[in-house]
Amino acid sequence: MRIYFLSYKPAILKLNGLYVGGIDLFERHIEIDLADSVLAEIVPGENLQPVNFFIDEKLLFCPPQFMDVYLMENEALLYIREYGCKDARISLIAQTRFCGNLVTVFSQNGCNLSVEGADYSLLPLPAKFTNAKFEEKMLNGYPVLAIWGGNMLCLLSNAGKRIFFNEVEKADFGERLEVTAPFETCTAAKAVCTYSFDGEALTLTASRTVETRPPEKNILHFAFFESVLTCGDFAEYLDVELKKKAKILKDYLGEFIGVTVPTEKFYAEHGDVRAAGLVYPKAQNLFEVKYYAVELTDGKVSNVFPVE
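Keep in mind that this is a model prediction, so the values were computed, not measured.

Caption draft 1: Expanded view of the side chain of Glu 226. Tracing the chain through its elements places Glu 226 in helix α1 (residues 220–229). No salt bridge is formed by the buried Glu 226. Its closest oppositely charged neighbour is Arg 213, at 8.3 Å. Dropping the residues within four chain positions of it, Glu 226 is found in contact with Glu 184, Thr 185, Cys 186 and Val 259.

The following block contains the structure:
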């Protein structure tokens, strides 16, 4: 079976104790017989803890917490998305008092958010929060605490409950919360979302997706699937006949959560088709990639079908 390795940090890969090579965010692969139960060890830099696991059938059904597994046609991709820190000491990043709550962002084997008040909560945070900043805001007359980690926004209610957590380009506070969130798509799409707030929870009241640039012709099929995913105006990609079925197209494709480029092996087996891999959640940290292709007529999508 072909196994791809990805790591969010540069690292080296060892198989059964032997050095194989470096891995990072560029896909690298080897052929492995799952029946051999090969022991893999991935060692990052930056004084982070290595991870190790057996590459076998069990791995493809029940991945460890530090890894995401993507199942494809006789292939699997292993993405190491976190490593532990060797330094287990607690390091204070930022701290403030807010509406009777002690809010603390600290580092201990990664970034964490602690909220102590009437209740206590401890939440993990992405590494972007190593330079966290606090801002007190008013939302529909209620105080809220914005915790910024780069372009990530974590929002707490006055009861210390997390009510929003997402990457945003900008956020406007007033009677409602309006955020602009970027998507990593080939049209540089953005979601503009509006939320009402009752003092306890946010409720989405309006949203629209704006594609800020047209796609190049050779990647139009990726732009189409991304437009379906992000709830954009994907009907504009369809020809006259298929546009009549636009409302049922999303149900036809199912609840996918990502769009990927097919692998080299896929193109070797299926030829140069206008296909994309749609990512579907299968279990915790486990995903399945299904391939769908399109046919174009005069630059518009005239057919959408699974590649088998």
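We are not done yet, so read on.
Caption draft 2: Highlighting the nonpolar core. By size, the foremost hydrophobic cluster in this structure holds 26 residues, and its most contacted members are Ile 42, Phe 53, Ile 55, Met 67, Leu 78 and Ile 80. Sorting the residues of this core by element identifies β1 (2–7), β2 (11–15), β5 (38–44), β6 (51–55), β7 (67–72) and β8 (75–80) as the ones contributing at least two each. Apart from residues lying up to four places away in sequence, Leu 78 is in contact with Ile 3, Tyr 4, Phe 5, Leu 6, Phe 53, Leu 59, Met 67, Asp 68 and Val 69. By size, the runner-up hydrophobic cluster in this structure holds 24 residues, among which are Cys 186, Phe 222, Phe 234 and Val 259.

Caption draft 3: The arrangement of α1 in detail. With nine of 10 residues buried, α1 is to be regarded as a mostly interior element. Among the residues making up α1, those that are buried are Leu 220, His 221, Phe 222, Ala 223, Phe 224, Phe 225, Glu 226, Ser 227 and Val 228. On its buried face, α1 sits against α3 (246–253), β21 (258–260), α4 (264–270), β22 (275–283), β23 (286–297) and β24 (300–306).

Caption draft 4: Structural detail: α3. Taken as a whole, α3 has its buried residues at Ala 246, Leu 249 and Leu 253. Along the axis of α3, the buried residues cluster in a sector spanning 30 degrees; they form a single face. For α3, the exposed residues lying more than 90 degrees away from the buried face are Lys 247, Ile 248 and Asp 251. Residues of α3 that are buried make contact with α1, α2 (240–243), β22, β23 and β24. Looking one or two residues past α3, Gly 254 carries a phi angle of roughly 85 degrees, positive in sign.

Caption draft 5: Quick look at the pairing of strand β15 (residues 152–156). By the criterion of burial, β15 is predominantly enclosed, with five of the five residues buried. Along β15, one buried face is formed by Met 152, Cys 154 and Leu 156 and the opposite face, lined by Leu 153 and Leu 155, is buried too. Across five bridges, the pairing between strand β14 (residues 142–149) and β15 is antiparallel. Following the sheet pairing, Ile 147 is matched in β15 by Cys 154. Joining the antiparallel neighbours β14 and β15 is a turn of two residues, in which Gly 150 adopts a positive phi near 65 degrees. For β15 and strand β16 (residues 162–167), the ladder comprises five bridges, and the chain directions are antiparallel. Along β16, the bridge assignment pairs Leu 153 with Asn 166. The turn linking β15 back onto β16 is made up of five residues, and Gly 160 within it adopts a positive phi angle of 85 degrees.

Conventions used here
Positions within a chain are numbered from 1, following the residues in the order the chain's sequence is written. Only residues with pLDDT of at least 70 get local features here, since the model is predicted, and only at 80 or more are side-chain atom pairs given and counted; chain-wide, interface and lining totals rely on the full set of residues. Working from all heavy atoms in the structure, the side-chain values ignore hydrogens and water. A helix here means a DSSP run of H or I that spans at least four residues, while a strand means a run of E at least two residues long, and both kinds are numbered starting from the N terminus. In this scheme, a residue with accessible area under 20% of its type's maximum is buried, one over 50% is exposed, and one in between is partly exposed, where area comes from a 1.4 Å probe on protein chains only. Charge counting treats Lys and Arg as positive and Asp and Glu as negative, with His and both chain ends excluded. Salt bridge criterion: a side-chain nitrogen from Lys or Arg within 4 Å of a carboxyl oxygen from Asp or Glu. Only heavy atoms matter for contacts: two residues are in contact if any of them lie within 4.5 Å across the pair. What makes a nonpolar core is a set of buried Ala, Val, Leu, Ile, Met, Phe, Trp, Tyr and Cys residues whose side-chain atoms join them at distances within 4.5 Å. Working definition: the arc comes from the directions between the helix axis and the C-beta atoms, pointing outward to the latter. Whether two strands pair comes down to DSSP finding at least two bridges between them.

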